[in-house]
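Listed below are the residues making up each chain.
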4 protein chains.
Amino acid sequence: MIFSSDNWAGASAPVSEALTRHASGLAPAYGNDPVTEAVSRRFSEIFERDVAVFFVATGTAANALALSAYARPGGVVFSHSGAHIQVDECGAPEFFTGGGKLRGLAGANGKITPEALSAAMADHPDGNPMHGQVSAVSISQATECGTVYRSGEIRALADAAHGRGIPLHMDGARFANAVSFLGLTPAEVTWKAGVDVLSFGATKNGCWCAEAVVFFNSDNALQFPYLRKRAGHLLSKSRFAAAQFDGYLAGGHWLANAAHANGLAQTIGEGLVAAGYRLAWPVEANEVFPVLPHSVIARLRAAGAMFYEWPADNIGSDESAVRLVTSFATDPADVARFLELAAG
Amino acid sequence: MIFSSDNWAGASAPVSEALTRHASGLAPAYGNDPVTEAVSRRFSEIFERDVAVFFVATGTAANALALSAYARPGGVVFSHSGAHIQVDECGAPEFFTGGGKLRGLAGANGKITPEALSAAMADHPDGNPMHGQVSAVSISQATECGTVYRSGEIRALADAAHGRGIPLHMDGARFANAVSFLGLTPAEVTWKAGVDVLSFGATKNGCWCAEAVVFFNSDNALQFPYLRKRAGHLLSKSRFAAAQFDGYLAGGHWLANAAHANGLAQTIGEGLVAAGYRLAWPVEANEVFPVLPHSVIARLRAAGAMFYEWPADNIGSDESAVRLVTSFATDPADVARFLELAAG
Amino acid sequence: MIFSSDNWAGASAPVSEALTRHASGLAPAYGNDPVTEAVSRRFSEIFERDVAVFFVATGTAANALALSAYARPGGVVFSHSGAHIQVDECGAPEFFTGGGKLRGLAGANGKITPEALSAAMADHPDGNPMHGQVSAVSISQATECGTVYRSGEIRALADAAHGRGIPLHMDGARFANAVSFLGLTPAEVTWKAGVDVLSFGATKNGCWCAEAVVFFNSDNALQFPYLRKRAGHLLSKSRFAAAQFDGYLAGGHWLANAAHANGLAQTIGEGLVAAGYRLAWPVEANEVFPVLPHSVIARLRAAGAMFYEWPADNIGSDESAVRLVTSFATDPADVARFLELAAG
Amino acid sequence: MIFSSDNWAGASAPVSEALTRHASGLAPAYGNDPVTEAVSRRFSEIFERDVAVFFVATGTAANALALSAYARPGGVVFSHSGAHIQVDECGAPEFFTGGGKLRGLAGANGKITPEALSAAMADHPDGNPMHGQVSAVSISQATECGTVYRSGEIRALADAAHGRGIPLHMDGARFANAVSFLGLTPAEVTWKAGVDVLSFGATKNGCWCAEAVVFFNSDNALQFPYLRKRAGHLLSKSRFAAAQFDGYLAGGHWLANAAHANGLAQTIGEGLVAAGYRLAWPVEANEVFPVLPHSVIARLRAAGAMFYEWPADNIGSDESAVRLVTSFATDPADVARFLELAAG
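What you see is a predicted model, and the numbers here were worked out from it, not measured in a lab. (Residues numbered from 1 in each chain as written. Chains lettered and ligands numbered in written order. Predicted model: local features only at pLDDT ≥ 70, side-chain atom pairs only at ≥ 80, totals over all residues. Heavy atoms only, no water.)

**Q** Would you explain the packing of helix α2 (residues 34-47) of chain C against helix α11 (residues 239-249) of chain C in this entry?
**A** For any two helices packed against each other, the geometry comes down to the angle between their axes and how far apart the axes lie. Residue and element names in this part refer to chain C. At a minimum axis separation of 8 Å, α2 and α11 run at an interaxial angle of 40 degrees. Between α2 and α11, the angle falls in the class oblique. The way α2 lies across α11 gives a crossing that is left-handed. From α2, Val35, Thr36, Val39, Arg42, Phe43 and Ile46 reach across to α11, where they touch Arg239, Ala242, Ala243, Phe245, Asp246 and Leu249. (Axes fitted to C-alpha atoms, helices over the stretch in contact; angles between N-to-C directions. Helix = DSSP H or I, 4+ residues; strand = E, 2+ residues; numbered from the N terminus. Parallel < 35°, antiparallel > 145°, perpendicular 65-115°, else oblique. Left-handed = near helix turned anticlockwise from the far one by under 90°. Contact = heavy atoms within 4.5 Å.)

And the structure:
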């Protein structure tokens, strides 16, 4: 009954098998091998346009490097105040952007609104160096609250960003879960809605260590090979990342994994509501945030359930919000047992 | 007949099998899992003292982050002018050290001498901010010329560095090859000879993507968790790196791989000398640098041999130095055929 | 009737005369001249202990460099959300600290409270690299709201900071105004209340271009000569800064200037209240923030008054808060005329 | 008899008087005042085209910020190995360029040649992130050896730089001395010869603290206001710098100062040669580098002469090269006495 995080899983079988399959033989290093090339082409197919794809080892690297491609001196990046780039990356975006500022915005359900974004950007008018300058907008898809931006919401934020001449970045650490939930194509969720650059996460959803930075306009990627190498994120045996993506993307495996995780999250959410608990935010991707009495939390933990408490609003003194994360590796039997215990 | 680089290989069988073995099951992320802990202990055993070990994805990250742990404003890092950190890392050490300067020193066989080091350090006396300040010395073991520092040579450089209050870093991208050549223990080649921090490379010698930064005095590692995370180099599924090291270190596999590669390099070197060619540098680890007539180079390439030309001194107009790299995956039959072709 | 800012003034007569007095003759560069040494000693006298003093050209440099002396990877600096370092320095503190994060705290009258500070620091517990690490607390004295921290308030914040092992920095761009208001000694307002490092501003209060970073414990200043030079802030003709301070500090000129400015600010504040206007914040230093009807603002501007509108809470639709800044150069006749116009 | 450096002087009378003249009165801060605007126009007149001018406090800031305007990730700046940016700026260029590498080139008389430059740039071919990328070429005018690039030499270096798509920066810490020596217009020495950006030094030649970064194509300066502010180099009372330039540029004062200094350097050089000493480099600007027996050095110092020893080639064991710097403030009587002493 481990619901601590989706990065507690290892590698899914197709990913693991792909690594084994590509382990032998010699091939050019640094991304000039046939597997990297084939997988890069597959990204263009999946996104229905030519994209520039760069593999990196971690989601933090993907986010921070993606933002660094648009860095400006005194630049300000706008995101939700609870975004991963804000609170979980130890200043990597600030470091990689040469000291950029990350400005957090409030917003319900982990989402920022065009109104809040425009108001914040207005504090940084063009031509006044005192206040710095706008440099990028970043949204998480799915959000840190387990919710998912609709394509119209993305479009509105993209329009606001583009109106100030800055790009919209999407942190897709849980991109597959969002795509699965929306039932849209990857293109519809990204560049067709105005996204300029995507951190395409695969680690949480079945890979060992595979993230991709996807630029939808390759003109913006011209400096990226240097940014990546300067940060020590160019993998010499690039095949190792490509092979994981090979297994991950083949036959819709990535979306099947996400559907599995999302489905179990829905099951948990519905079960807890049926048992009389409330949820801090609606369940859309693979995370559930119930508010549970401390006695229930203690009972669940005593029975072996693992999860983290999580900050949320309107929490009473004898209860806490907790975060339950499902993954491709979550066992439905664990979910059933957890619900049984919670219903107590 | 691929001798382009040891990073053209994939993963060796024990490494690949270890990854598969650890792929399933759930375990804490970010290095708090049992495999990471067990492998970390194994590092302490191998080095015969308690060491602080941190996994990262690339050798450039290992080097640049290790140096950043000793960064000073206006700091100067001393290394051979042909060192990897100088010419092959796109400014990563400079970037991670906040704009440190890398000062390259000349030296025969890819090695720096205590005399050259002390003379260079004297240009940066303590207390004069104009000229910056000394911050670290870095040596490559094995060197970029395929040679190996003897323990006495390391000790002399360590003494010179310590005399100025700065650490000795060892770039061990080919550490296994160096240890195998010397026939000494890992401890004798490192901290017993004065090394303070080691980039322990495993990728070139059998792993997919596994490097470790090893601090021999954990007091110097206190900021490293933050330095690593700030650079996006903390792996969420740390098991993936630990599993590779598990396979790599078990049963002396890492040294067996190195011995295989070194032995074939010796065979190549001896065969080429027997065929009448000269070598730019002595063969000690897994690289051979023969000087070959252009006609021979053309003949070898026409037959399918792959390798890079390499800068060296005293090269005539109708010949070039080339680099031949062997690895755990090099086929002795390829070596034999190459020598046959070269003997022509 | 210029109340735009105290940095619209030039140099006061004693400062200007001191520059002229020291203009001729030859003296060692880079701070090794007798004037620099004498002025540095005077700082120790003024602060009643041995301090380490470094001149720089701007307040932003003083703040950002002071904070950089305590930088940590992934470091977080805590200040009021409206602090100069947060909103008016174009990311200089972030840049100089290697990508540190500036976390803004809410607080009445431009001040932060120990409670808010402790709560925010708790989000960054020791030993968790994800969330970065606490690195410094910075307060503005006087604040951006024209208010002044009492020594007890400073002590409480210093205790909270020191309890987490981090320093308390004071942005004293208007330090003289604060000291003058409090009627305490410079020592009582700083190190005796727990301040570790002070940006001692002189530019706004009579100098052309003279700021000093004052470390109350010189052990913390060991790297500062390098930090300053690396940022291009070591003045070659250091005499030029020292001479300004010579004129500024002699005979209590600095406090006389501040008393002049503070007194006129009080006059303005009292006059406006007497005329029926309310103030956004109490008048303590040399800034007044009245809330004025748009019609009054228009009338004042039409008559030649210059000032900026300023964000404040609880402002109606037909009124705005404005900022009126007095300085050593403010003419009491201008104040009288302004009040007459405002009373209208 | 102080020949230590031209930055041992204070401010020349016209500069000092201009500061006094502009000290009173209120004017907009941050460069929006009439004096700054007028002086900026004068720069365009002096350079015979519209230029973008930015004042900063130090030469190191001017150089490092100018180079940062052209920074690229993994960027390499090429200059003479003895250039000020290489050996006297504590890593400021590296810091401001986000970790750029400064590659030093050998060259006679402190100058780099197009051949050496092109060969070095060839080590960094486009499209290979391992080796970084070329980002700028920087020359010193006058050089650190006291010599002056001819316009044809500048043009050849500019062509080589532009051929690789990178700019030519000129460190003009002693620009006036170079212009005076060449007898050409400022335009002929800069943009007409291919220079893209100039650090226009005034501090060494009569100002207290006044340097200007001059972009000859304002398109390249778009980010400079942010780069300067982010580094704490935007002066609030910009008048203070503008006033210095006002006095410095009026009536050819700057060139008169340089001619004075250059003339005395010629006198020293000729006198020493006549006395039988040799010079390490020809005397062109305001520096003389004689090779003197240790006994002569001792005699000069005993008599009160002040100067530094300086590294040079082909120096015997009983002699040293020394550097003698003249300035606007050098007294001809000191020169005469020095020569008399040297002639012994």
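Once you've had a look at it, read on.
**Q** When you look at the relation of the copies chain A and chain B in this model, what are you seeing that I'm missing?
**A** Each copy of the chain is related to the other by a rotation around an axis and a translation along that axis. Superposition record for chain A on chain B: RMSD 0.0 Å, screw rotation 180 degrees, translation along axis 0.0 Å. With respect to symmetry, the two chain copies, as superposed, fit the operation of a two-fold axis. (Least-squares fit on C-alpha atoms with pLDDT ≥ 70 in both.)

**Q** In this structure, what is going on with the sheet that holds strand β2 (residues 75-80) of chain B? I would like to understand it.
**A** Sheets are built from strands paired through backbone hydrogen bonds, the pairs being either parallel or antiparallel. All names here are of chain B. Spatial strand order, β1-β7-β6-β5-β4-β2-β3: seven strands in an open sheet with mixed pairing. Edge positions in the sheet fall to β1 (52-56) and β3 (101-105), since each of these pairs with one other strand and no more. The mean inter-strand angle of the sheet, taken between neighbouring strand axes irrespective of direction, is 20 degrees. Two strands pair when backbone bridges link them, and strand β5 (residues 168-172) and strand β6 (residues 197-201) are joined in this way by four bridges, in the parallel orientation. What sits directly across from His169, in β6, is Val197. (Pairing = 2+ DSSP bridges.)

**Q** Can you help me understand the interface of chain A and chain B in this one?
**A** Put simply, an interface is often sized by how much accessible area is lost when its parts join up. With 49 residues of chain A at the contact, the number on the chain B side is 49 residues. Between chain A and chain B, the buried area comes to about 4100 Å², and carbon and sulfur atoms account for 63% of it. Those elements that provide at least two residues to the side of chain A that touches chain B are α1 (13-21), α3 (59-68), α5 (92-96), α10 (224-230) and α11 (239-249) of chain A. For the side of chain A that touches chain B, the per-class residue count stands at 27 nonpolar, 14 polar and eight charged. (Buried area = accessible area lost by both parts, 1.4 Å probe. Nonpolar A, V, L, I, M, F, W, Y, C, P; charged D, E, K, R; others polar.)

**Q** Help me out: how do you make sense of the environment of Pro34 of chain D in this one?
**A** With respect to the secondary-structure elements, Pro34 of chain D resides in helix α2 (residues 34-47). When the C-alpha positions of Pro34 of chain D and Phe338 of chain D are compared, they lie 45 Å apart, and in sequence the two are 304 residues distant.

**Q** How do you make sense of the pairing of strand β7 (residues 211-215) of chain B when you look at a structure like this?
**A** Looking along a regular strand, one sees the side chains alternate between the two faces of the sheet. Residue and element names in this part refer to chain B. Across the five residues that make up β7, a large majority, five, are buried. Burial along β7 is two-sided: the face carrying Glu211, Val213 and Phe215 and the face carrying Ala212 and Val214 are both buried. Here β1 runs beside β7; their pairing, made up of five bridges, is antiparallel. When the sheet's bridge partners are listed, Ala52 is paired in β7 with Phe215. (Buried < 20%, exposed > 50% of the residue type's maximum accessible area, 1.4 Å probe, protein only.)

**Q** What is the right way to read the domain arrangement of chain A from this model?
**A** Residues and elements named next belong to chain A. As far as domains go, chain A holds domain 1 (13-251) and domain 2 (253-343). One C-alpha centre belongs to domain 1, the other to domain 2; they are set 27 Å apart. Counting the contacts that link domain 1 with domain 2 gives two salt bridges. For Arg174, the salt bridge is made with Glu287, and the minimal N-O distance between the two is 3.5 Å. Applying the counting criterion to the domain 1 and domain 2 interface returns 12 residue pairs in polar contact (both at pLDDT 80 or more). (Domains from an automatic or database assignment. Salt bridge = Lys/Arg side-chain N within 4 Å of Asp/Glu carboxyl O. Polar contact = N/O pair within 3.5 Å; in protein donor to acceptor, adjacent residues only side chain to side chain.)

**Q** Even after reading the chapter, I still don't get the side chain of Glu94 of chain A, so can you show me in this structure?
**A** By the secondary structure assignment, Glu94 of chain A is in helix α5. What Glu94 of chain A contacts, discounting residues up to four positions off in sequence, is Gly99, Gly100 and Leu102 of chain A together with Gly99, Gly100 and Lys101 of chain C.

**Q** How should I be thinking about the packing of helix α8 (residues 175-182) of chain A against helix α12 (residues 253-274) of chain A in this particular structure?
**A** Residues and elements named next belong to chain A. At their nearest, the axes of α8 and α12 sit 8 Å apart, and the two run at 75 degrees to each other. One finds that α8 runs roughly perpendicular with respect to α12. Facing α8, whose interface residues are Phe175, Ala176, Asn177, Val179, Ser180 and Phe181, α12 presents Trp254, Leu255, Ala258, Ala259, Ala261 and Asn262. Looking at the contact of α8 with α12, its residues break down into nine nonpolar, three polar and no charged.

**Q** What's the story with the interface of chain A and chain D in this structure? I'm lost.
**A** If you look at the interface, chain A gives 19 residues, while chain D gives 19 residues. Buried area between chain A and chain D, both sides added, is near 1600 Å², and the carbon and sulfur share of it is 66%. Summed over the shared surface of chain A and chain D, the number is zero salt bridges. At the surface where chain A touches chain D, the tally comes to six residue pairs in polar contact (both at pLDDT 80 or more). Among the elements that take part in the side of chain A that touches chain D, α10 of chain A stands out by supplying five residues, more than any other. Split into classes, the residues belonging to the side of chain A that touches chain D amount to eight nonpolar, seven polar and four charged.

**Q** Looking at this structure, I do not really get the confidence of the model for chain A. What am I missing?
**A** Detailed conclusions should not be drawn from predicted coordinates in areas where pLDDT is low. In this model, chain A carries an average pLDDT of 97, and 100% of its residues clear a pLDDT of 70 or more. Scored by ipTM, the complex comes to 0.97, with pTM at 0.97. (pLDDT = per-residue confidence, 0-100.)

**Q** What am I meant to see in the relation of the copies chain A and chain D here?
**A** Here chain A sits on chain D after a turn of 180 degrees about the axis and a move of 0.0 Å along it, with an RMSD of 0.0 Å. The fraction of interface residues of chain A whose copies in chain D are also interface residues reaches 100%, indicating that both copies meet through the same surface.

**Q** What's the story with unusual backbone geometry in this structure? I'm lost.
**A** Both trends apply: most residues other than glycine have a negative phi, and most peptide bonds are in trans. Residues Gln141 of chain A and Ala142 of chain A are joined by a peptide bond in cis, for which omega reads -5 degrees. Tracing the backbone through its elements, the reader meets Ala142 of chain A in the loop between β4 (133-140) and α7 (151-163). Of note in this structure, Glu48 of chain A is not a glycine but carries a positive phi near 60 degrees. Tracing the backbone shows Glu48 of chain A in the loop between α2 (34-46) and β1 (52-56). Positive phi, close to 60 degrees, is recorded for Asn109 of chain D, a residue that is not glycine. Tracing the sequence through the fold places Asn109 of chain D in the loop between β3 (101-105) and α6 (114-121).

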